[in-house]
Amino acid sequence: MAMHNNTIVELLAALKSGEFSSKELTRHYIERIKVLDSLYNAFITPLEEQALQAAEQADADRARGKELPLGGIPIAHKDIFCTRGIKSTCGSRMLDNFISPYDATVVENLTAAGAILIGKTNMDEFAMGSSSETSFYGPVKNPWDLERVPGGSSGGSATAVAARMCAGATGTDTGGSIRQPASLCGISGLKPTYGRVSRWGMVAFASSLDQAGPMTQTAADAALMLNAMAGHDAKDSTSITDPVPDYSARLNDKICGIKLGLCKEYFEDGLDANVQQCVMDAVLVLEKMGARISEVSLPNTRQSVPAYYVIAPAECSANLARYDGVRFGHRCENPVDLGDLYRRSRSEGFGAEVKRRIMIGTFALSAGYYDAYYRKAQQIRRLIKNDFVNVFEEVDMIIGPIAPSTAFRLGEKIGDPVTMYLQDIFTIASNLAGLPAASFPAGFVDGLPIGIQVIGNYLDEASILQLGHQFQLQTDWHKRTPASAEL
Ligand code: GLN
């Protein structure tokens, strides 16, 4: 088997047995990126020298008997993570010139676990979008069909993993940005419980919703990456202090007797019939494996998109106030006074979608409207959370679709924000509630991949990954590779 089709678990075994070195592996991925990424535009900053040096170090460490959990494994970071000495753009012209003086905690943790950074991936500007089309660096193409979007906002990371240009990647998920691109690109992606992974050094979009997670071929690989990423961080005040379990420990436990809830509201409207069929086929597989399926109800699901599109813009309008052209980031030429400096730096630095959100958010937070919009949205958020708390009294996990359709065409929805926002209808609720949720490859419709969503209870990432792994032992959707990635 070609090196790049191995999972992280397999690559670690091959590195250990000396089948190939990390330097050979890293060089192999670098070559793939060089040839393939002109098709996809998945990377904003591919790395070469530095990656090869780190790989050499990893090989030397291994030779000296130093075994690290991800020792010598090449991964990519979404360009939302600050990386010391490397451009960290967040997909925006605003940060096109920004070289971070420090590493995000996620980056630090993965480096400490032995991972090799092979590049920074393309994304929707400031993670606002569902198609990776709002990037200042141009859209990312879906490797399964180059005329289609890979989903977003972590579309660069999803494409990089799907096209086997790295072994795994990081993503972030504020309303679905790990799970939806994972679904549309045919890979596994997990958004952990809010606060499980540190947000320090991760450019803030909507701070009460943002969460980083792994994007990989398989659930077992996601467990390995999450082991390294998760943990308390004093630098993030919302970081959870509970000890981190070994997410790989329970992967091989059978799921017989596990209680799964099918959320009826997810099947009511807007879901493509073929996508629904794929999800139901996957449910059947799980049932055969001994899972007990029942119908559950999350009655406030429909309110999740409107609530999110008040809360997320409100928080983003506050977070993005820091880009003022003064301290870092884009600054306009020859400002005449301070007002002109702010106005032009921000007008030039931000793209249309980001501006739209800042305006919505500023409006929703303004005196007189705060109660009508922001407070109302927060009340709905509580109702949505309560729905989940009730359902988790009855079942262990909730399963359903990730997105209403397979990958759509480039340009198809970019001019119609509301249609684009509806992409998130099945994913947003778990962000509002802070729950962990994942997408695992579950089938194809007309040659395009589809994921199944698994939502777990608070801090129960281990059960989600166990279910994903057991499902992947019975299916081979996660093993398929796009023809465009064949060299
Ligand atoms: N598509 C959603 C948005 O545009 C979610 C993005 C995300 O999760 N970062 O806000």
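Refer to the structure presented above.
These lines cover the structure that appears in this document, whether it is placed above or below. (Residues numbered from 1 in each chain as written. Predicted model: local features only at pLDDT ≥ 70, side-chain atom pairs only at ≥ 80, totals over all residues. Heavy atoms only, no water.)

**Brief notes about the overall build of the protein chain**
Secondary structure summary: the protein chain contains 15 helices and 11 strands in total. For 487 residues, the compact-globule estimate of 2.2 N^0.38 gives 23 Å, and the protein chain sits close to it at 21 Å. Projected onto its principal axes, the C-alpha coordinates of the protein chain cover approximately 65 × 55 × 45 Å. In the protein chain, buried positions account for 62% of the 487 residues. In the protein chain, of all internal contacts separated by at least 6 residues, the share reaching a separation of at least 24 is 76%. Carbon and sulfur atoms provide 52% of the accessible area of the protein chain, an area that totals close to 17,800 Å². (Helix = DSSP H or I, 4+ residues; strand = E, 2+ residues; numbered from the N terminus. Rg over C-alpha atoms; globule rule 2.2 N^0.38 Å. Buried < 20%, exposed > 50% of the residue type's maximum accessible area, 1.4 Å probe, protein only. Contact = heavy atoms within 4.5 Å. Areas by Shrake-Rupley, 256 points an atom, 1.4 Å probe, with all protein chains shown as cover.)

**Brief notes about the layout of surface pockets**
One number sums up the size of the largest pocket: a volume of about 510 Å³. Where the lining of the largest pocket is concerned, the elements lending two or more residues are α3 (49–63), β2 (74–78), α4 (105–112) and β3 (116–121). Residue classes in the lining of the largest pocket are distributed as 12 nonpolar, 9 polar and 6 charged. (1 Å grid on protein atoms, 1.4 Å probe; cavity = no way out; pocket = protein on both sides within 12 Å on 5 of 7 lines; lining within 4 Å. Points joined across faces, edges and corners; volume = space filled by probe spheres on them. Nonpolar A, V, L, I, M, F, W, Y, C, P; charged D, E, K, R; others polar.)

**Details of the pattern of salt bridges**
Within the structure shown, the criterion is met by 19 salt bridges. A salt bridge links K120 to D79, with the shortest nitrogen-to-oxygen separation between them at 2.7 Å. You can see K120 sitting in strand β3 and its partner D79 sitting in the loop between β2 and α4, a full 41 residues away along the chain. Judged by relative accessible area, which is 0%, K120 ranks as buried. Within the structure, one salt-bridge network assembled from shared partners comprises D61, R64 and K66. (Salt bridge = Lys/Arg side-chain N within 4 Å of Asp/Glu carboxyl O.)

**Concerning the state of the cysteines**
Using the criterion set out here, one finds 0 disulfides in the structure. Between C185, a cysteine without a disulfide, and C166, which holds the nearest cysteine sulfur, the sulfur-to-sulfur distance is 12 Å. (Disulfide = S-S within 2.5 Å.)

**Focus on the environment of P243**
Among the secondary structure elements, P243 is positioned in the loop between α7 (219–229) and β7 (259–263). Each C-alpha atom, one on P243 and one on H232, is 7.9 Å from the other, the two residues being 11 residues apart in sequence.

**Looking at a nonpolar patch on the surface**
A grouping of V326, L338 and Y342 is seen on the molecular surface, where their side chains present a nonpolar patch of about 260 Å² in accessible area. In this structure, L338 sits in helix α10 (residues 338–349). (Patch = residues over 30% accessible without salt bridge, like charges linked within 9 Å, V, L, I, M, F, W, Y side chains within 5 Å.)

**Focus on the packing of helix α8 (residues 273–288) against helix α15 (residues 461–474)**
Interhelical geometry of α8 versus α15 gives an angle of 95 degrees and a closest axis separation of 10 Å. For the element pair α8 / α15, the angle class is roughly perpendicular. Of the residues in α15, those touching α8 at A282, V285 and L286 are L467, F471 and Q474. (Axes fitted to C-alpha atoms, helices over the stretch in contact; angles between N-to-C directions. Parallel < 35°, antiparallel > 145°, perpendicular 65-115°, else oblique.)

**Points about empty space enclosed by the protein**
Scanning the entire structure with this criterion turns up 1 cavity of 30 Å³ or more. Volume-wise, the largest cavity comes out at about 80 Å³. Of the residues in the lining of the largest cavity, the class split is 5 nonpolar, 7 polar and 2 charged.

**Digging into unusual backbone geometry**
The linkage connecting G152 with the following residue, S153, adopts the cis geometry, with an omega of 10 degrees. Examined against the element boundaries, S153 turns out to sit in the loop between β3 and α5 (155–162). In this structure, S132 takes a positive phi of about 60 degrees despite not being glycine. Along the chain, the position of S132 falls in the loop between β3 and α5.

**Let's talk about the site of the ligand**
Taken together, 15 residues form the shell around the ligand, and within it T174, G175, S177, Y308 and R357 come nearest. Here an oxygen atom of the ligand sits 2.6 Å away from a polar atom, N or O, in the side chain of Y308. D424 places a side-chain nitrogen or oxygen 2.9 Å from a nitrogen atom of the ligand. Here the ligand loses 100% of its free accessible area of 290 Å² to cover by the protein chains. The cavity where the ligand resides is the largest cavity. Per-class residue counts for the shell around the ligand are 5 nonpolar, 7 polar and 3 charged. (Near = heavy atom within 4 Å. Polar contact = N/O pair within 3.5 Å; in protein donor to acceptor, adjacent residues only side chain to side chain. Sits in = over half its atoms within 2 Å of the grid points.)

**Looking at α15**
Helix length check: α15, at 14 residues, gives a terminal C-alpha distance of 20 Å against a target of 20 Å (1.5 Å per residue), a fit within 8%. Inspection of α15 places E461, A462, S463, I464, L465, Q466, L467, G468, H469, Q470, F471 and Q472 among the buried residues, and these make up the whole buried set. (Expected span 1.5 Å × (residues − 1).)

**Notes on the sheet that holds β2**
Strand pairs in the sheet, formed through backbone hydrogen bonds, run parallel or antiparallel to each other. Strand order in this open sheet of 11 strands is β1-β3-β2-β4-β6-β5-β10-β11-β9-β7-β8, and the pairing throughout is mixed. Unpaired on one side and paired on the other, β1 (43–46) and β8 (292–296) mark the two borders of the sheet. Across this sheet, the average inter-strand angle for adjacent strands is 30 degrees, counted without regard to direction. Across 3 bridges, the pairing between β7 and strand β9 (residues 397–401) is parallel. The residue of β9 that forms the bridge with G261 is I398. The strands touched by α15 are β5 (188–191), β7, β9, β10 (437–445) and β11 (448–456); relative to β10, the strand with the most contacts, the crossing angle is about 20 degrees. (Pairing = 2+ DSSP bridges.)

**Let's talk about α4**
Of all the residues in α4, the buried ones are T105, V106, V107 and L110. Elements in contact with the buried residues of α4: β2, β4 (168–172), β6 (212–216) and α7. In the segment just after α4, G114 is the residue with positive phi, at about 100 degrees.

**Brief notes about the packing of α7 against α15**
α15 packs onto α7 with a crossing angle of 150 degrees between their chain directions and a minimal axis gap of 8 Å. Taken together, the axes of α7 and α15 are roughly antiparallel relative to one another. For the pair formed by α7 and α15, the contact residues are A219, A220, A222, A223 and L226 on the first element and E461, L465, G468, H469 and Q472 on the second.

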